Amino acid sequence: MKLITWIFRIVLFVLLFVLALRNTGDADLQLFFGAVWHAPLILILLAAFGLGIVAALAAVAPGLMRQRMEAARLRRALGAARAATTVVVDAVPPEAKPGVPYNVVGPKV
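Within each chain, residues carry numbers counting from 1 in the order of the written sequence. Whole-chain, interface and lining totals are the exception, using all residues; otherwise, since this is a predicted model, local features are given only for residues with pLDDT of at least 70 and side-chain atom pairs are given and counted only at 80 or more. Processing note: side-chain calculations cover all non-hydrogen atoms of the structure and skip hydrogens and water entirely.

Participant: How do you make sense of the overall build of the protein when you look at a structure like this?
Facilitator: When helices and strands are tallied, the protein shows 2 helices and 2 strands. Secondary structure elements of the protein occur, N-terminal to C-terminal, as α-β-β-α. Only protein chains enter the accessibility calculation, which uses a 1.4 Å probe; a residue whose area is less than 20% of its type maximum is buried, one above 50% is exposed, and one in between is partly exposed. For the protein, the proportion of its 109 residues judged to be buried stands at 3%. Pairs at least 24 residues apart make up 0% of the contacts formed inside the protein by residues separated by at least 6 positions. Only the protein chains shown count as covering a residue, and every accessible area follows the Shrake-Rupley method with a 1.4 Å probe. Surface exposure of the protein reaches about 10,300 Å², of which carbon and sulfur atoms provide 73%. Numbering of helices and strands runs from the N terminus; a helix is a DSSP stretch of H or I covering at least four residues, while a strand is a stretch of E covering at least two. Contact definition: two residues touch when any of their heavy atoms are within 4.5 Å.

Right under this line is the structure:
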């Protein structure tokens, strides 16, 4: 399975590399207020991809932060609940023998 994954990664890298080499021609990106960006097409595509990643992370960040804060609150509550409970360890009852579970149904040996 790892071999298939690596073959897929290598093929994807080669395809993207060939795409980058074939799109080195200059392109003009018309920005706001009459500004123009002259750059190779692949650089413009890379910038658009990067902006898409940043926009996606900005959209997901509030939900992730809310989940992290809720998880931290629940961990604190669990720690407080564990600290509040006291565990009483009783001595082993005399009828219990080592290696015999308590829930065995049948005659006593």
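Participant: I tried to follow the environment of leucine 19 on my own but got confused; where do I start?
Facilitator: Here leucine 19 is to be found in helix α1 (residues 2-22). Along the chain, leucine 19 and isoleucine 42 lie 23 residues apart, while their C-alpha atoms are 8.1 Å from each other.

Participant: Sorry if this is basic, but what is going on with helix α2 (residues 41-84) here?
Facilitator: Note on helix geometry: an α-helix contains 3.6 residues per turn, so any two residues three or four positions apart are oriented the same way. For α2, with 44 residues, the first-to-last C-alpha span of 64 Å sits near the 64 Å given by 1.5 Å per residue. Bend at a given residue is defined as the angle between two axes, one fitted to the seven residues that end at that position and one fitted to the seven that begin there. Of all bends in α2, the biggest is about 35°, found at alanine 61, and the proline proline 62 comes one to four residues later. Expected span of a helix, by definition, is 1.5 Å for each gap between consecutive residues, and there is one gap fewer than residues.

Participant: Looking at this structure, how should I read the confidence of the model for the protein?
Facilitator: The predicted coordinates of low-pLDDT regions are not to be read in fine detail. The score called pLDDT rates the predictor's confidence residue by residue, from a low of 0 to a high of 100. Summing up the model confidence of the protein, the mean pLDDT is 83 and the portion of residues at 70 or higher is 78%. When the elements of the protein are averaged for pLDDT, strand β1 (residues 26-30) gives the smallest value, 85, and α2 the largest, 92.

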